[in-house]
Amino acid sequence: MKQQVVWLNLEELSCQQPNLDPLLNLLTLPVRPESELAASSQQILARRPDLKPRRKSW
């Protein structure tokens, strides 16, 4: 069985697509400059609140 592989340049994707799907945006975090990490993370969490860590109530 043959399968096709599609390669993506995550750095280019992160620069060209400001409104990426939050799950795709997560993939781009490792290639973003450190100065952009906080803002990028907040954008992801704003669009996907279900990804926020939940507090444990003991």
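This text goes with the structure placed above it.
Residues numbered from 1 in each chain as written. Predicted model: local features only at pLDDT ≥ 70, side-chain atom pairs only at ≥ 80, totals over all residues. Heavy atoms only, no water.

Student: Before we move on, could you go through the overall build of the chain and cite the residues and values that matter?
Tutor: A tally of helices and strands in the chain yields three helices and zero strands. The linear arrangement of helices and strands in the chain, starting from the amino end, is α-α-α. In the chain, buried positions account for 17% of the 58 residues. Counting only contacts in the chain whose residues sit at least 6 apart along the sequence, the fraction spanning at least 24 positions is 25%. Carbon and sulfur atoms provide 54% of the accessible area of the chain, an area that totals close to 5,500 Å². (Helix = DSSP H or I, 4+ residues; strand = E, 2+ residues; numbered from the N terminus. Buried < 20%, exposed > 50% of the residue type's maximum accessible area, 1.4 Å probe, protein only. Contact = heavy atoms within 4.5 Å. Areas by Shrake-Rupley, 256 points an atom, 1.4 Å probe, with all protein chains shown as cover.)

Student: Report on the environment of Leu13, specifying residues and quantitative values.
Tutor: The topology assignment puts Leu13 in helix 1 (residues 10-16). Each C-alpha atom of the pair Leu13 and Ser35 lies 17 Å from the other, and the pair is 22 residues apart in sequence. Sequence-distant contacts of Leu13, that is, excluding residues within four places in its chain, are made with Leu20 and Thr28.

Student: How would you explain the side chain of Asn25 if you had to name every residue and give the values?
Tutor: Take Asn25: it is sitting in helix 2 (residues 22-28). Its relative accessible area of 4% is what places Asn25 among the buried residues. Beyond its immediate stretch of four places on either side in the chain, Asn25 contacts Leu20, Arg32, Ser40, Gln43 and Ile44.

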